[in-house]
Amino acid sequence: MRIDAQPYDYELPNLSQVALVIIDMQRDFLEPGGFGEALGNDVHRLQAIVPTVKLLLDSFRAQNLTIIHTIECHLPDLSDCPVSKQKRGRGTLNIGDLGPMGRILIKGEPGNDIISELAPLPSEIVIHKPGKGAFCRTNLEVLLNEREITHLLITGVTTEVCVQTTMREANDRGYECLMVEDATESYFPEFKQATLAMVRAQSGIVGWTASAAAVLQGLGGVKSAAVR
Ligand code: TIU
């Protein structure tokens with residue numbers, strides 16, 4: 001099985017070794033009143049990828065493949081939040097402050113939830129992470145190794161922050177990673193394009209990139225024409 005990718009085809013082993021990783025598709029980043037807006041960003045542009053991520057999610061669900069959602073969050077007492085992270089920035093609201101969707105980036109608050117369109121099913125893995133990368137202070141590597149997952153298809157927000165950090169962490173741990181081009185987004189379009197370019201440069205120094213249509217075709221699931 002192979003996916004038409006850059007810088008060259010991405011080879012898939014047995015589908016049981018592949019996971020779809022959906023990074024931080026949370027209200028805190030995609031809706032007004034959360035962490036993303038508190039940092040001064042226009043959050044609306046991230047919403048464009050929701051239908052594409054949903055297509056991938058539906059395909060993985062239909063084929064009973066491994067799905068991993070991540071949530072960037074902190075404990076209510078902020079004991080897992082470095083002071084450097086909590087203090088960073090000069091916005092009106094910092095991590096832990098009360099906003100219109102509850103306390104900013106705090107586990108269990110309404111704004112911290114994954115958006116309803118992509119809400120995890122009970123059978124799916126959810127990783128709560130205090131950092132940008134999904135491997136930092138989580139049990140993700142243990143879970144992947146237990147399941148003998150070797151290949152990660154990585155989606156979500158934002159491309160150059162949590163998505164890229166996670167892909168680099170995974171690459172260094174030996175996972176074969178592909179970033180899905182139209183299933184990731186940034187508040188800064190130029191940063192997204194730069195990230196895709198640097199990931200696949202130097203013969204795939206960090207991994208591969210491909211469109212969702214190519215991924216779906218490679219998986220043998222939903223036909224590519226279904227992707228907008
Ligand atoms: N600010 C920004 O672009 N991203 C984050 O803080 N977290 C994630 O990327 N999820």
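Residues numbered from 1 in each chain as written. Predicted model: local features only at pLDDT ≥ 70, side-chain atom pairs only at ≥ 80, totals over all residues. Heavy atoms only, no water.

On to the overall build of the protein, then. Along the backbone of the protein there are 8 helices and 10 strands. Its C-alpha atoms give the protein a radius of gyration of 17 Å, near enough to 17 Å, the size a compact globule of 228 residues would have. Considered along the principal axes of its C-alpha atoms, the protein spans approximately 50 × 35 × 35 Å. The burial tally for the protein puts 52% of its 228 residues in the buried class. Residue pairs at least 24 apart in sequence account for 72% of intrachain contacts in the protein once pairs closer than 6 positions are excluded. (Helix = DSSP H or I, 4+ residues; strand = E, 2+ residues; numbered from the N terminus. Rg over C-alpha atoms; globule rule 2.2 N^0.38 Å. Buried < 20%, exposed > 50% of the residue type's maximum accessible area, 1.4 Å probe, protein only. Contact = heavy atoms within 4.5 Å.)

Here we come to the site of the ligand. Close to the ligand lie D24, F29, F35, L39, E72, K132, V157, T158, V161, C162 and Y187, which account for all nearby residues. Note that a nitrogen atom of the ligand is positioned 2.7 Å from one of the side-chain N or O atoms of D24. Contacts to the ligand include C162, whose backbone N or O atom sits 3.1 Å from an oxygen atom. In the complex, the protein chains occlude 93% of the 280 Å² of accessible area that the ligand would expose alone. Within the shell around the ligand, the residues separate by chemical class into 7 nonpolar, 1 polar and 3 charged. (Near = heavy atom within 4 Å. Polar contact = N/O pair within 3.5 Å; in protein donor to acceptor, adjacent residues only side chain to side chain. Areas by Shrake-Rupley, 256 points an atom, 1.4 Å probe, with all protein chains shown as cover. Nonpolar A, V, L, I, M, F, W, Y, C, P; charged D, E, K, R; others polar.)

Regions with low pLDDT should not have their predicted coordinates read in detail. Residues with a pLDDT of 70 or more make up 96% of the protein, whose mean pLDDT is 95. Throughout residues 222-228 the model reports pLDDT below 50, and contacts reaching past four residues in sequence, or to other chains, amount to 15 contacts. (pLDDT = per-residue confidence, 0-100.)

Turning to the side chain of T209, a few remarks are in order. Of note, T209 is situated in strand β10 (residues 208-210). Given the relative accessible area of 0%, T209 is considered buried. Within polar-contact distance, the side chain of T209 engages the side chain of E181 at 2.6 Å. Look past the residues within four positions of T209 in its chain and what remains in contact with it is A5, Q6, L178, M179, E181, L196, V199 and R200.

Moving on: the pattern of salt bridges. Using the criterion set out here, one finds 13 salt bridges in the structure. Two residues, E146 and R147, come together in a salt bridge whose shortest N-O distance is 4.0 Å. Counted as one network, the salt bridges with shared partners bring together R2, D9 and E11. (Salt bridge = Lys/Arg side-chain N within 4 Å of Asp/Glu carboxyl O.)

The next thing to look at is the side chain of T184. Mapping T184 onto the fold places it in strand β9 (residues 176-185). On the basis of relative accessible area, T184 is assigned to the buried category, the value being 0%. When residues no more than four places from it in sequence are discounted, the contact partners of T184 are I49, G156, T159, V163, M179 and K192.

Okay, helix α8 (residues 212-219) next. Of all 8 residues in α8, 7 are buried, a share of seventy percent or more. The set of residues buried in α8 consists of A212, A213, A214, V215, L216, G218 and L219. Contact partners of the buried residues in α8: β1 (2-3), α3 (50-62), β8 (151-157), β9 and β10. Following α8 by one or two positions, G220 adopts a phi angle in the positive range, close to 75 degrees.

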